[in-house]
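For reference, the chains in residue letters:
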Amino acid sequence: MAIIDIEQTRNQARALLDSRIESVTALVKTRQRISDLKEQLTEAERDDKRAYVRATKDGWSPEELKKLGLESGAAGRRRKTANRGESGSAAVGQKESNSGE
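Note that the structure is a prediction, hence the values are computed from the model and not measured.

Asks: Would you take a moment to explain the overall build of the chain for this structure?
Replies: Scanning the chain from N- to C-terminus turns up three helices and zero strands. The secondary structure elements of the chain, listed N-terminal to C-terminal, are α-α-α. By residue count, 6% of the 101 residues in the chain fall in the buried class. Carbon and sulfur atoms make up 54% of the accessible area of the chain, which totals about 9,300 Å².

Asks: Help me understand helix 1 (residues 6–57), please; the structure alone is not making it clear to me.
Replies: Here helix 1 is 52 residues long and its end C-alpha atoms lie 75 Å apart, about the 76 Å a rise of 1.5 Å per residue gives. Two residues or fewer past helix 1, Gly59 is found with a positive phi of approximately 110 degrees.

Asks: What is the right way to read a nonpolar patch on the surface from this model?
Replies: On the surface, Leu17, Ile21, Val24, Leu27 and Val28 cluster together into a nonpolar patch covering about 440 Å² of accessible area. Mapped onto the elements of the fold, Val24 is located in helix 1.

Asks: Honestly, the pattern of salt bridges in this entry has me stumped. Any pointers?
Replies: Should the charged atoms of two oppositely charged side chains come close, the side chains can pair. By the definition in use, this model includes one salt bridge. Put simply, Arg50 and Asp47 hold a salt bridge, and the shortest N to O gap is 3.2 Å. Residue Arg50 and its partner Asp47 are both found in helix 1; the two are separated by three residues, about one turn of the helix.

Asks: How do you make sense of the confidence of the model for the chain when you look at a structure like this?
Replies: Predicted coordinates in areas of low pLDDT are best not read in detail. Here the chain averages 82 in pLDDT, while 72% of its residues score no lower than 70. The weakest mean pLDDT in the chain belongs to helix 3 (residues 74–99) at 48; the strongest belongs to helix 1 at 97. When the criterion is pLDDT under 50, residues 75–82 qualifies, and its contacts beyond four places in sequence or with other chains add up to two contacts. Within the model, the stretch residues 86–92 combines pLDDT values under 50 with zero contacts to residues more than four positions away or in other chains.

What counts and what doesn't
Residues numbered from 1 in each chain as written. Predicted model: local features only at pLDDT ≥ 70, side-chain atom pairs only at ≥ 80, totals over all residues. Heavy atoms only, no water. Helix = DSSP H or I, 4+ residues; strand = E, 2+ residues; numbered from the N terminus. Buried < 20%, exposed > 50% of the residue type's maximum accessible area, 1.4 Å probe, protein only. Areas by Shrake-Rupley, 256 points an atom, 1.4 Å probe, with all protein chains shown as cover. Expected span 1.5 Å × (residues − 1). Patch = residues over 30% accessible without salt bridge, like charges linked within 9 Å, V, L, I, M, F, W, Y side chains within 5 Å. Salt bridge = Lys/Arg side-chain N within 4 Å of Asp/Glu carboxyl O. pLDDT = per-residue confidence, 0-100. Contact = heavy atoms within 4.5 Å.

See below:
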């Protein structure tokens, strides 16, 4: 029967584990980078919204900014959605008022 070298077996096992650890380490680093970039994007979008509001307060109209290629960002889209919802409920309220006449 062959003699098994415990130290050699441990070294081989460590080499196998090291390669697996390297791949999961790379995965963790990549996921952290994604998380960091998402956080930076959120912050940049917040800054963009503030800058857009500041520009409108300084006298720039949304139409002028649009002509310059500076349409409102996500905040403008959210406002439009909110306005649609409000006008939709107002229309429902009007229908209910009219139906009683």
